[in-house]
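The chain contents come next:
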Amino acid sequence: MNINETNETSVQYLTFMLENENFALEINKVREVLDYTTITRVPRMPDFLRGVINLRGNVVPVIDLRLKLDMSAIKKTVDTCIVIVEIMIDGQITQVGALADSVKEVINLDPASISPAPRIGTKLKNEFIKGMGQQDGRFLIILDIDRVLSEEELDLVKSSGDMEILKQKKGMENISEHIKPVKPVIDLDAPDNDFIGRDFTSLDEVVAE
């Protein structure tokens, strides 16, 4: 089955882990998944903005989702990865990398299995949550990635991905020499992908194929 195929009743989600919580993103907000790579730090940026990477010649900002959701900072492991999401900034689709502890799988969820965001019982801000999904007896927090960053933070993210602005920052004059290109391990736009229901706990298995 092609990754982009959906039926009339279900929506596809990419599931991933932050700390011990299960999260999900609508697949149409996800561009691809990258194995962890060196992230070039940008001076005078907040802690949640971890830096930038070079994705096929484009400078892509990377944020620490755990810090944005009031969790502890992500610690790099063999499963740490970068989920490239597309968010709207000033009316333009902008690619942003979001660090995750691990990526699990692509699933189909029926709308009937999704409940509204709870008013109590979660540490997350209610506006960040689109709903609570259920699959195999576990709850999934469906994240509204467009609301995780404030307007001020979106401006910072946009400026951190601007090569000309980076070149003007002290120590970033030769940034293109320092950020190396990375390749996706899961490209959701690839025509022959078949990721539905597969467990991506080990990204090495995907890379090896």
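Residues numbered from 1 in each chain as written. Predicted model: local features only at pLDDT ≥ 70, side-chain atom pairs only at ≥ 80, totals over all residues. Heavy atoms only, no water.

Turning next to the overall build of the chain. In terms of regular secondary structure, the chain is built from five helices and 13 strands. The long-range share in the chain, meaning contacts at least 24 apart out of those at least 6 apart in sequence, stands at 62%. A total accessible area of about 10,900 Å² is found for the chain, and carbon and sulfur atoms account for 47% of it. (Helix = DSSP H or I, 4+ residues; strand = E, 2+ residues; numbered from the N terminus. Contact = heavy atoms within 4.5 Å. Areas by Shrake-Rupley, 256 points an atom, 1.4 Å probe, with all protein chains shown as cover.)

The subject of this paragraph is the environment of I27. Position of I27 relative to the elements: it lies in the loop between β2 (21-26) and β3 (30-35). Put simply, I27 and V85 are 58 residues apart on the chain and 9.2 Å apart in space, counted from C-alpha to C-alpha.

With that out of the way, let us pick up the packing of aromatic side chains. For any two aromatic rings, the description comes down to two numbers: the centre-to-centre distance and the angle of the planes. All told, the structure shown has one aromatic pair when counted by the stated rule. Each ring, one from F16 and one from F23, has its centre 5.8 Å from the other, and the planes form 20°; the classification is stacked. F23 sits in the buried class, given a relative accessible area of 0%. It is K68 that lies over the ring of F48; its NZ or CZ is 5.5 Å from the centre. (Phe/Tyr/Trp six-rings, centres within 6.5 Å; stacked < 30°, edge-to-face > 60°. Buried < 20%, exposed > 50% of the residue type's maximum accessible area, 1.4 Å probe, protein only. Lys NZ or Arg CZ within 6 Å of the ring centre and 35° of its normal.)

Side chains carrying opposite charge are able to pair once their charged atoms draw close together. All chains considered together, the criterion is met by 11 salt bridges. Among the salt bridges present, the one from D101 reaches R66, with a minimum N-O distance of 2.8 Å. Note that D101 is positioned in the loop between β7 (92-100) and β8 (102-109) and R66 in helix α1 (residues 65-68), a separation of 35 residues in sequence. Residue class for D101 comes out buried when judged on its relative accessible area of 14%. (Salt bridge = Lys/Arg side-chain N within 4 Å of Asp/Glu carboxyl O.)

Our next topic: the pairing of β7. The sheet contact formed by strand β5 (residues 58-64) and β7 spans three bridges and is parallel. Following the sheet pairing, D64 is matched in β7 by L99. Sheet analysis places strand β6 (residues 81-89) next to β7, joined by nine bridges and oriented antiparallel. Across the sheet, residue C81 finds its bridge partner in β7, namely A100. From the end of β6 to the start of β7, which pair antiparallel, there are two residues, and D90 there has a positive phi angle of about 55°. (Pairing = 2+ DSSP bridges.)

So, about the nonpolar core. Membership of the largest hydrophobic core comes to 50 residues, with the highest contact counts inside it found for F16, L18, F23, I63, L65 and L143. Here this core takes seven residues from β6, the largest share from any one element. Setting aside anything within four residues of it in sequence, one finds I63 in contact with F48, L49, R50, V96, G97, A98, L99, L149 and V157. Within the second largest apolar cluster, six residues are counted, among which are Y13, A24, I107 and L140. (Core = buried A, V, L, I, M, F, W, Y, C linked by side-chain atoms within 4.5 Å.)

This part covers the sheet that holds strand β1 (residues 11-18). Strand order in the open sheet formed by six strands is β8-β1-β2-β11-β10-β9, with mixed pairing between adjacent strands. The open sheet has two edge strands, β8 and β9 (114-115), and neither has a second partner.

Inspection of the secondary structure assignment puts E86 in strand β6. Assessed through its relative accessible area of 18%, E86 is described here as buried. Residues in contact with E86, not counting those within four places in the same chain, are K29, R31, I93, T94, Q95 and D146.

This brings us to unusual backbone geometry. Positioned with a positive phi, R56 is a non-glycine residue whose angle comes to about 50°. Relative to the assigned elements, R56 resides in the loop between β4 (49-55) and β5.

Here the focus is the confidence of the model for the chain. Per-chain confidence: the chain averages 79 in pLDDT, with 71% of residues scoring 70 or above. Across the chain, element-level confidence peaks in β2 with a mean pLDDT of 94 and bottoms out in helix α5 (residues 203-208) with 43. Predicted confidence for residues 1-6 stays below pLDDT 50, and this span has 16 contacts to residues more than four positions away or in other chains. Below pLDDT 50 for its whole length, residues 201-209 participates in 15 contacts with residues either more than four positions away or in separate chains. (pLDDT = per-residue confidence, 0-100.)

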